[in-house]
Amino acid sequence: MVSRVYAKAARFLAPAFLALACLGTGSALLPSSAHAQATKAAQSAKSAGTEACVGCHEDYVKSYLSTKHGQSGNASGPDCQACHGNTAEHVKQGGGKGAGGIVGFNGRTTSAERKSGTCLACHDGNRHLAFWDSGKHKKNDVACSDCHSLHGKPGAGSTIALKVTNPSVTPYQTTSRQLEYETCTSCHRQIRSQLTKPAHHPVIEGKIGCSDCHNPHGALTKMMVKAESIPALCTSCHAEKRGPYVWGHPPVEENCLACHSAHGSNHARLLSEKAPNVCQDCHDAARHPGTIYASNGSWTATPATSINTRLIARGCVNCHFHVHGSNAPGARGKFYLR
Amino acid sequence: MIMKNRPLSILIANLLAAPALALAADGGMEYTGSVSIGARSVNDKTQDPSKLNEYRDLDGGAVLGGFELRGRGNNYFLNGFGENLGLDDQYLDLKGGKYGAFRYQLYLNDLRHNFGSGPGARSPFAGVGGATLTAPSIAGGFNTNPATWNTFDDSYKRRDWGGMFEYQSGSPWYIRAEANEVKRSGINVIAAANGMSPGNGFTDLPAPIDFSTKNYTAEVGYSTKTAHVAANLLYSKFDNGNELLSWSNRFSNPAGGLLDTTVLPSDNNLTKIGINGNIRQLPGDSTLAGRITYSNLTNSVDMLQSMLVQFTTPGLSNQIAATNPSSPTFKGKLQTTTLAVSLSSHPMKNLDTRVYWNYNNESNKSTRMSFNPAANQGLRGGAASGAGNNPPVNCDSGGLNPCTPEFFHYKKNNLGVEASYKVNAGNKIFGGWDYYDVERERIDFHGNKDNKLFVEWKNNSFDMVTGRIKYHYLQRRSDWSLTPGLVQANPIEPYVRRFDLANLNQNQVKFVLDASPAPFVEIGFEGIFKKNDYSDTTLGRTQDSRQEYYASLSAGDPSVLRGLIFGDIEITTYDSYHRVGTGNPNPATAPTATTYNWDARNRDKSWQLGIGADWSPMARLKLTGSYILAQTRGTTDFSVQQGGPTGTPFPSITNFDNTKRKTLNLKAVYEASKQWEITGGYAYEQYKYSDIGYDNTRYFIPSNAAGATASNPAYVANQQSSVVTGRYSFQPYTANIVYLIGKYKF
């Protein structure tokens, strides 16, 4: 009953939401007069703030003005000085790296805390950064500018420019979009390697991104995953495996990673170890779970009747297909056969 | 059909309408963008192109259409993007909004996950794609001539489309709403045992995929520099168009006519409410953050009241047996409550700390089902209690106990403290402790306590070099016990510890080095060694280890020429110990020829070498190229306890998912004029695959129980045969891909 109410509400709200979005670029949602005033003030301040810089740093100023930050109507968009510091002393000293206390974001001389602090001065009220202080990136001295390029041109299909420090080394991709994994894997080399394994989620193909599962801006969870637990994260896409099941499989309920490697694996279905071995590591019994399945049970075994049904194809899963859980009655469900 | 076109039409309407509206409102929106069209030719040599096309639509030649629109105004912004229009990996995206006020997104993201086609997707069944699979009603086994089987497309198409709207204007309050639908349709090959014993064979079943997941999220929040609080609601509904699959089971019903039933994923509903927030600028420069969620996952499954079961005497009769469930409907209900609290502080100069607590309580309030099918009718497993060598604890074939599922749920408490101290400008040390206390209802492990300690040292004393070394030790101690009934039912259980929760000592060392010895030169190295010792495990996984090494060198000015070369090596080893036989289950007892201990060592080795470069030989021309050579090898070695079987060969497995992959990817982008850009490229891919489970697939395995052989005539009197569809068996491919795209920019 409750579900029906939700479903009806959702059915009602969805078109309304879409209609609202369709009108999104129109004037349906006008800003307050205070906001309009702030916008005007920001426009004149921004113009003044960039004039001092454009003489020496024309390319940087131009690239900045083409970003969302640099738009004259963006009241919250900073001018050069808001991020790099006061230019007066910098100009007075004749310019140069760090001259007059000017702050650069590409070198190592400025601490990660200082770099991120500059961004957070405006963005720390953003919902996306609510858990920045609890996240691993802050702890490990990762600054906003390590991933974001404030002067860079956003890649195809993107509104923000991510830093890509290396040439793209991938198989042929059918997408021309800027893929965020290229930014993430410039530090996370282990993940770069796993993403190109024979079994992988379609990350390098651009069909899902790192931030579909992880929140790089901080989270309260381990590995900064976007759900409260690993099963909750995995089943947000693999909803058919949510259950609940009449016959559950305890490791499935508790941790998908007991059997799967999420970023990539040598083995189909992202299994961390090949079946039947991965199953036998838990299941030993007098009969077939405890039997050795050696190479003489392969498809080339002679006579053909010697081909071992527990070794070939999916191994144990040939029979026990419903290892994530079953709703079949009796022993057919108990042993995940139906 | 209507559903398919809807998101596309919405996006197109937006793209056409939005600029005009925005322009009128903004008084000066500047647009840039492009329209591109091109062609791609793919020449492949493969029996089954599914691996080549696993997530990409490279199915022969294709017209490549795309566009990009970027609008920037004084107040509004807009981004539209589309590529691979009309192909299986089509992507459309529209983002926009007003600075400091609102933003929105509409998107459509398609992919097709290909598993098999041609010889990699054959089935003796008729009706593939539907919910009923039938085979010819000829007494005996399956048609053993796969050349005459039906072929199908073993793949499913996934379409994710939806949108987001977020509004926050001149106020700390904001609202956000998201909605999307993920539709999956196609075929996925599942499988089923023909009967209850593995000796009865199995059958691959091309099952229909008709999944839909609709997600709706709403969030209201208040966010300032000093505090954030948000309340959110998620409703997610999963629907499966086919909750049952009926199929001809030639073992259970050799005469045909009666169908077996496999239960497919049921519809489910997930509702989750959550509140999260933080308070910043507390004493000690602290931030207190927290989140609480409550979710309710439900489903309703009508229990099968009867099922086809195996014949008692081959060829004599068919049986439909009553399942006798305790309730006609299973009402699944999982309620999960989570709480997370984190206090991050900066109590003194150079010191950062974090204390956290995570709580997760999954409560299973589903119907407590039991089944009481009649004895010896095929819906019970194993022999009668005490009468056989491995009767299950219940659901015994003697009918002494009803079949009662284990009931599983858990409660987890996770506490931890972390600290980092900046010793001086060049050195920082980290340390921490992470503790888990878990209580669970499970037949073997009833709880566990994990203690993890870590230390880390980061050094950047030298301007050009940053090094980091981290060590952690994890000790897990579990509360393990079995009921006497379980031990009686399966006497080997007292010696088995399942690795997911067995007592564990884990050591891991990670070393990272990044150096910039000269401008535009970066050298990186990462090494990881991890070892898990399941110290108290007699039977099961006894230890596993990982060694990983990653090295890279990049050099060059990105605006002219830059290159990258990297090499990765990964070696994983899993050791396990087992006992087989119907004799004394105690591994400490002397072996016999039929009851003995054995061990296995599974080793996966993989490496890859990659090289790539970006080059701008002239202002109008950009060249990119990369090459990857990668290899994986999987092996298993067996050894048998001395005094066990003699002369029984247990030859090693040398090809568990052995692959070798070469990919060359070259691309040139030439800016012919301010308006015209031409992109051309060539890619070469070669993929070799060898696996003991898939090499030399015959589609059909006769059973020795019936004395049949592969050379039998088209139909053999063998109900215990197995059939596979050929999935993964014909994957190797070589492909040449050429493409040319013209882009008009405005």
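Remember, it's a predicted structure, so these values are computed and weren't measured experimentally.

Calculation criteria
Residues numbered from 1 in each chain as written. Chains lettered and ligands numbered in written order. Predicted model: local features only at pLDDT ≥ 70, side-chain atom pairs only at ≥ 80, totals over all residues. Heavy atoms only, no water. Helix = DSSP H or I, 4+ residues; strand = E, 2+ residues; numbered from the N terminus. Patch = residues over 30% accessible without salt bridge, like charges linked within 9 Å, V, L, I, M, F, W, Y side chains within 5 Å. Areas by Shrake-Rupley, 256 points an atom, 1.4 Å probe, with all protein chains shown as cover. Salt bridge = Lys/Arg side-chain N within 4 Å of Asp/Glu carboxyl O. Contact = heavy atoms within 4.5 Å. Buried area = accessible area lost by both parts, 1.4 Å probe. Polar contact = N/O pair within 3.5 Å; in protein donor to acceptor, adjacent residues only side chain to side chain. Nonpolar A, V, L, I, M, F, W, Y, C, P; charged D, E, K, R; others polar. Pairing = 2+ DSSP bridges. Buried < 20%, exposed > 50% of the residue type's maximum accessible area, 1.4 Å probe, protein only. Disulfide = S-S within 2.5 Å. pLDDT = per-residue confidence, 0-100.

Description of unusual backbone geometry
Residue and element names in this part refer to chain A.
Turning to step 1, where the next piece is worked out: In this structure, proline 244 follows glycine 243 across a cis peptide bond, with omega equal to -10°.
Turning to step 2, where the next piece is worked out: With respect to the helices, strands and loops of the structure, proline 244 is situated in the loop between α12 (230-237) and β1 (247-248).
Turning to step 3, where the next piece is worked out: At the junction of threonine 302 and proline 303, the peptide bond is cis and its omega measures out at -5° in the coordinates.
Turning to step 4, where the next piece is worked out: Within the secondary structure, proline 303 sits in the loop between α14 (277-280) and β2 (325-326).
Turning to step 5, where the next piece is worked out: Of note, the phi angle at arginine 269 is positive, near 65°, even though the residue is not glycine.

Some points on a nonpolar patch on the surface
Turning to step 1, where the next piece is worked out: Residues Met348, Tyr421, Val423, Ile429, Val455, Trp457, Ile469, Tyr471, Val509, Phe511, Leu513 and Phe529 of chain B make up a contiguous nonpolar surface patch of roughly 1000 Å² in combined accessible area.
Turning to step 2, where the next piece is worked out: Locating valine 455 of chain B in the fold gives a position in strand β23 (residues 445-459).

Regarding the interface of chain A and chain B
Turning to step 1, where the next piece is worked out: Each side of the interface is counted separately: chain A has 153 residues, and chain B has 255 residues.
Turning to step 2, where the next piece is worked out: Here chain A meets chain B over a buried area of about 16300 Å², counting both sides, of which 55% is carbon and sulfur.
Turning to step 3, where the next piece is worked out: Its salt-bridge partner being aspartate 568 of chain B, residue arginine 192 of chain A comes within 2.8 Å of it at the nearest N-O pair.
Turning to step 4, where the next piece is worked out: Connecting chain A to chain B are 81 residue pairs in polar contact (both at pLDDT 80 or more).
Turning to step 5, where the next piece is worked out: With 10 residues, helix α1 (residues 2-22) of chain A is the single largest residue contributor to the side of chain A that touches chain B.
Turning to step 6, where the next piece is worked out: Classifying every residue of the side of chain A that touches chain B by side-chain character gives 63 nonpolar, 59 polar and 31 charged.

Side note on the pairing of strand β15 (residues 268-282) of chain B
Residue and element names in this part refer to chain B.
Turning to step 1, where the next piece is worked out: Both strand β12 (residues 227-240) and β15 contribute to a ladder of 12 bridges, which runs antiparallel. Pairing of phenylalanine 238 across the sheet is with asparagine 268, part of β15.
Turning to step 2, where the next piece is worked out: Alignment of β15 against strand β16 (residues 286-302), held across 12 bridges, turns out to be antiparallel. In the strand pairing of β16, isoleucine 275 is matched with isoleucine 292.
Turning to step 3, where the next piece is worked out: If you look at the hairpin formed by β15 and β16, you'll find three residues sitting between the two strands, and glycine 284 has a positive phi there, around 75°.

Describing the environment of asparagine 665 of chain B
Turning to step 1, where the next piece is worked out: Here asparagine 665 of chain B lies in strand β31 (residues 658-671).
Turning to step 2, where the next piece is worked out: Residue classification places asparagine 665 of chain B among the buried positions, given a relative accessible area of 13%.
Turning to step 3, where the next piece is worked out: At a separation of 3.3 Å, a polar atom in the side chain of asparagine 665 of chain B contacts the main-chain carbonyl oxygen of threonine 170 of chain A.
Turning to step 4, where the next piece is worked out: Looking at asparagine 665 of chain B, its side chain comes within polar contact range of the main-chain oxygen of proline 171 of chain A, at 3.4 Å.

Examining the state of the cysteines
Turning to step 1, where the next piece is worked out: Tallied over the full model, the rule gives one disulfide over all chains.
Turning to step 2, where the next piece is worked out: There is a disulfide in this structure between cysteine 395 of chain B and cysteine 403 of chain B, and the S-S distance comes to 2.2 Å. Disulfide cysteine 395 of chain B to cysteine 403 of chain B: torsion about the S-S bond roughly 75°, handedness right-handed.
Turning to step 3, where the next piece is worked out: Summary of cysteine pairing: cysteine 144 of chain A is not part of a disulfide, and the nearest cysteine sulfur, belonging to cysteine 119 of chain A, is at 3.9 Å.
Turning to step 4, where the next piece is worked out: In this structure cysteine 316 of chain A is a free cysteine whose sulfur lies 3.7 Å from that of cysteine 279 of chain A, the closest cysteine sulfur available.

With respect to the sheet that holds strand β13 (residues 244-247) of chain B
Turning to step 1, where the next piece is worked out: Pairing is mixed in the open sheet, where three strands are placed in the order β7-β13-β14 (chain B). Edge positions in the sheet fall to β7 (132-133) and β14 (260-263) of chain B, since each has one partner strand and no second.

Remarks on the pairing of strand β9 (residues 154-167) of chain B
Residue and element names in this part refer to chain B.
Turning to step 1, where the next piece is worked out: For β9, a buried count of 13 out of 14 residues is recorded, marking the element as mostly surrounded by other parts of the structure.
Turning to step 2, where the next piece is worked out: Strand direction decides the pairing type here: β9 and strand β10 (residues 173-193), joined by 12 bridges, are antiparallel. Paired with arginine 158 across the bridge in β10 is arginine 184.
Turning to step 3, where the next piece is worked out: With antiparallel pairing between neighbouring strands as the criterion, β9 and β10 make up a hairpin whose turn holds five residues, including glycine 170 at a positive phi of roughly 60°.

Concerning the pattern of salt bridges
Turning to step 1, where the next piece is worked out: Evaluated as defined, the whole model comprises 54 salt bridges over all chains.
Turning to step 2, where the next piece is worked out: Across the salt bridge formed by arginine 541 of chain B and glutamate 273 of chain A, the nearest N and O atoms sit 2.9 Å from each other. Remark: glutamate 273 of chain A occurs in the loop between α13 (250-254) and α14 and arginine 541 of chain B occurs in strand β27 (residues 540-557); the pair is interchain, linking two chains.
Turning to step 3, where the next piece is worked out: We classify arginine 541 of chain B as buried; its relative accessible area is 4%.
Turning to step 4, where the next piece is worked out: For glutamate 273 of chain A, a relative accessible area of 1% corresponds to the buried category.
Turning to step 5, where the next piece is worked out: In this structure, the salt-bridge partner of arginine 338 of chain A is aspartate 260 of chain B, at a minimum N-O distance of 2.7 Å.

A short note on the confidence of the model for chain A
Turning to step 1, where the next piece is worked out: When pLDDT is averaged along chain A, the result is 84; 85% of the residues meet or exceed 70.
Turning to step 2, where the next piece is worked out: Across residues 1-35 of chain A, where pLDDT falls below 50, the model places 50 contacts with residues more than four positions away in sequence or in other chains.

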